[in-house]
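Architecture and fold: a report
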Amino acid sequence: MTLEEYLQKYVEVLEVERNLNWDKGDIILEGVSTFGKDILNKLAELSRMSSATLKIYASIASAFPKEHRYPDVPWSLYRAVYFKARKLSIDPVELLDIALSNAWSARDVARYKSQPEERTITRNCSYCDITITIRGKIKDGAIIHCPICGRDIGTVFVDEHSF
């Protein structure tokens, strides 16, 4: 087996796992819809998982319609987005769009705050060899561009000095 074949095999397993997580959520939702909430205890017993874990699968599946389940996005990112969106009382699909447009990891999503804070951000543009300082209410997740060349020189995160 070559390295490429080995890596492809691993990617295929990751895809299967991601699809199974979505399928679990969809099946749990269908079971609750058809048989009521009591089915959760039976499913938990069958899967040797807690009913709370099964509720998480169902909640995530419910929050992201099939048209927003992208095959190249890890399920762990959806999970992080779901919990952060719930905490901030915002639409999970909206937060997913923000995360994907900024190429965030699950960790980046966890650091996201929706409300702007008064702060001072300093970034360097290595292309123009200048330093840019911005003061004001800067929303977490904002992308900073160099005013001279227009290149992306960083994304703003809470408690982050340079990212």
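Okay, so let's go over this structure.

Parameters at a glance
- Residues numbered from 1 in each chain as written.
- Predicted model: local features only at pLDDT ≥ 70, side-chain atom pairs only at ≥ 80, totals over all residues.
- Heavy atoms only, no water.
- Helix = DSSP H or I, 4+ residues; strand = E, 2+ residues; numbered from the N terminus.
- Buried < 20%, exposed > 50% of the residue type's maximum accessible area, 1.4 Å probe, protein only.
- Axes fitted to C-alpha atoms, helices over the stretch in contact; angles between N-to-C directions.
- Parallel < 35°, antiparallel > 145°, perpendicular 65-115°, else oblique.
- Contact = heavy atoms within 4.5 Å.
- Nonpolar A, V, L, I, M, F, W, Y, C, P; charged D, E, K, R; others polar.
- Core = buried A, V, L, I, M, F, W, Y, C linked by side-chain atoms within 4.5 Å.
- Phe/Tyr/Trp six-rings, centres within 6.5 Å; stacked < 30°, edge-to-face > 60°.

1. Concerning the overall build of the protein chain
Each helix and strand counted, the protein chain has six helices and four strands in total. For the protein chain, the succession of helices and strands along the chain, N to C, is α-α-α-α-α-α-β-β-β-β. Along the first, second and third principal axes, the C-alpha set of the protein chain runs to 60 × 45 × 25 Å. When the 163 residues of the protein chain are sorted by exposure, 34% land in the buried category.

2. Remarks on the packing of helix H3 (residues 51-63) against helix H4 (residues 75-88)
It is at 10 Å that the axes of H3 and H4 come closest, and there the two elements cross at 85°. Relative to H4, the element H3 lies roughly perpendicular. Here Ile56, Tyr57, Ser59, Ile60 and Ala63 of H3 lie close against H4, whose contacting residues are Trp75, Tyr78, Arg79, Tyr82 and Phe83. When grouped by side-chain class, the residues that make up the contact of H3 with H4 number eight nonpolar, one polar and one charged.

3. Digging into the nonpolar core
Counting 26 residues, the largest nonpolar core has Trp22, Ile60, Phe64, Tyr78, Val81, Leu95 and Val109 as the members making the most contacts within it. Ranked by residues supplied to this core, first place goes to H4 with seven residues. Residues in contact with Val81, not counting those within four places in the same chain, are Phe64, Pro92, Leu95, Leu96, Ala99 and Val109.

4. Points about the packing of aromatic side chains
What the rule picks out here adds up to seven aromatic pairs. Ring geometry for Trp22 and Phe64: centres 6.4 Å apart, planes at 75°, overall edge-to-face. Within this pair, whereas Trp22 is found in helix H1 (residues 3-35), its partner Phe64 is found in the loop between H3 and H4, the two being separated by 42 residues in sequence. Each member of the pair Trp22 and Phe64 is classed as buried.

Nothing here speaks to function; it is all geometry.
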